[in-house]
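Observations on the three-dimensional arrangement
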Amino acid sequence: TLPSGERILLGSRHEYILNEKAVEAFGWKTDDPNPYANAIGQQIRRSVTDTVGVVVGVCEDFHFQSMRGPVGPAGFTLRAGALKYMQLRLGDGDFDETMDHVKKVWNTFLPTRPFDFNTLEESLTEWNYWEERRLSDILDLAAWLAIAVSCLGLLGLVSYLAETRTKEIAIRKTLGATTGRIVRLLTVDFALLILIANLVSWPIAWWAIDDWLNDYAYRMHMDISIFLATGFLAFAAAGLMIAYHTFRAATRAPVDAMRR
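Note that the structure is predicted; figures quoted are calculated from it, not measured.

Attention now moves to the environment of Ser159. Mapped onto the secondary structure, Ser159 falls in helix H4 (residues 130–164). Classification of Ser159 by relative accessible area gives partly exposed; the value is 25%. Through-space distance from the C-alpha of Ser159 to that of Tyr244 is 9.8 Å; in sequence the pair is 85 residues apart.

Here we come to the pairing of strand S1 (residues 15–19). Of the pairings in the sheet, the one linking S1 to strand S3 (residues 51–59) comprises five bridges and is parallel in character. By the bridge assignment for S3, Ile17 is matched with Gly57. Examined bridge by bridge, S1 and strand S4 (residues 75–76) share two bridges and lie antiparallel to one another. Within the sheet, the bridge partner assigned to Ile17 lies in S4 and is Phe76.

Pairing within the open sheet is mixed, and its four strands lie in the order S2-S3-S1-S4. Of all strands in the sheet, those bounded by a partner on one side alone are strand S2 (43–46) and S4.

Here the focus is the pairing of S3. Two faces, one strand: in a regular strand the side chains alternate between the faces of the sheet. Alignment of S2 against S3, held across four bridges, turns out to be antiparallel. Looking at S3, one finds that Arg46 is bridged to Thr51.

Turning our eyes to something else, we now look at the pattern of salt bridges. Evaluation of the coordinates by the stated rule reveals one salt bridge. In this structure, Glu24 and Lys29 form a salt bridge, with 3.5 Å as the shortest nitrogen-oxygen distance.

Tyr16, Leu18, Ala22, Val23, Phe26, Trp28, Tyr36, Ala39, Ile44 and Val55 form the largest nonpolar core, which has 10 residues in total. At the level of secondary structure, the elements contributing two or more residues to this core comprise S1 and helix H1 (20–26). Per element, the largest residue contribution to this core is three residues, and it comes from H1. In terms of nonpolar packing, the next biggest core, distinct from the first, is built from seven residues, Phe190, Ile194, Ala238 and Ile242 among them.

A contiguous nonpolar patch, built from Leu192, Leu193, Leu195, Ile196, Leu199, Val200, Ile204 and Phe235 and spanning about 730 Å² of accessible area, is present on the exposed surface. No other element matches the seven residues that helix H6 (residues 179–213) contributes to the nonpolar patch. Structurally, the position occupied by Phe235 is in helix H7 (residues 224–250). With a relative accessible area of 30%, Phe235 lands in the partly exposed category.

Within the fold, Asn198 resides in helix H6. Dropping the residues within four chain positions of it, Asn198 is found in contact with Gly231, Ala234 and Phe235.

We now examine the side chain of Asn19. Along the chain, Asn19 turns up in strand S1. The class for Asn19 is buried, based on a relative accessible area of 1%. In terms of polar contacts, Asn19 uses its side chain to reach the backbone amide nitrogen of Ala74, at 2.9 Å. Once you skip the residues sitting within four places of it in the chain, Asn19 turns out to touch Val58, Cys59, Glu60, Asp61, Phe64, Val71, Gly72, Pro73 and Ala74.

Summed over the entire model, instances satisfying the criterion amount to seven aromatic pairs. A connected cluster of aromatic rings, assembled from ring pairs, spans Phe95, Trp106, Phe115 and Phe117.

Criteria and cut-off values
Residues numbered from 1 in each chain as written. Predicted model: local features only at pLDDT ≥ 70, side-chain atom pairs only at ≥ 80, totals over all residues. Heavy atoms only, no water. Helix = DSSP H or I, 4+ residues; strand = E, 2+ residues; numbered from the N terminus. Buried < 20%, exposed > 50% of the residue type's maximum accessible area, 1.4 Å probe, protein only. Pairing = 2+ DSSP bridges. Salt bridge = Lys/Arg side-chain N within 4 Å of Asp/Glu carboxyl O. Core = buried A, V, L, I, M, F, W, Y, C linked by side-chain atoms within 4.5 Å. Patch = residues over 30% accessible without salt bridge, like charges linked within 9 Å, V, L, I, M, F, W, Y side chains within 5 Å. Areas by Shrake-Rupley, 256 points an atom, 1.4 Å probe, with all protein chains shown as cover. Contact = heavy atoms within 4.5 Å. Polar contact = N/O pair within 3.5 Å; in protein donor to acceptor, adjacent residues only side chain to side chain. Phe/Tyr/Trp six-rings, centres within 6.5 Å; stacked < 30°, edge-to-face > 60°.

If you want it as structure tokens, here you go:
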């Protein structure tokens, strides 16, 4: 237990490695060139078992819990007889090739035990961020459904307006308007609607995402380029559909259009 009453993670043996936050919490950090050296050799009494342990090392702070909170104090030790996993620190290189080699070595020395592994990143994600993963899956599904529905709605609206303005298009062509000019004329109206939709949705999305990220101690900062990219994709997708239908209406023979 720390002087403040806060508890840290400790094992059952009597030699401990503390992270930097734990050293600071115990008040052992100094202003020396090696500020954490004073912690080595310090004793820690565990109130649960009434045993005294010795600090034998200090490690850098790292996230062992969710990023929703800052790095907290922690202590680590090897519990005799409780070793269940082997941890490997891999260098740069082909991950799959390295794991194939590790599997061969494992099967050579432990052929009766199945080889199963996962990365620390996967474990931390599964333990600490399952809510975020579930939310991500739900939002992905909702986003694709929204895109599909909006595209279908836009497709139907473009088809309807192109049909209702068939005679107008025919008259413009008769008076000398080019196909490109007619396509631009009809596209401008939809482009304005898409622009208004983006300008309305961007502040709402910015506020919602920023409010969600505020729950984390460490977070990214929103970049306007994300919204510009989504707006560009919306214009591109809508522009293709609009251009296709307006091009069909503009290339139709004026005589056929006037007979309708």
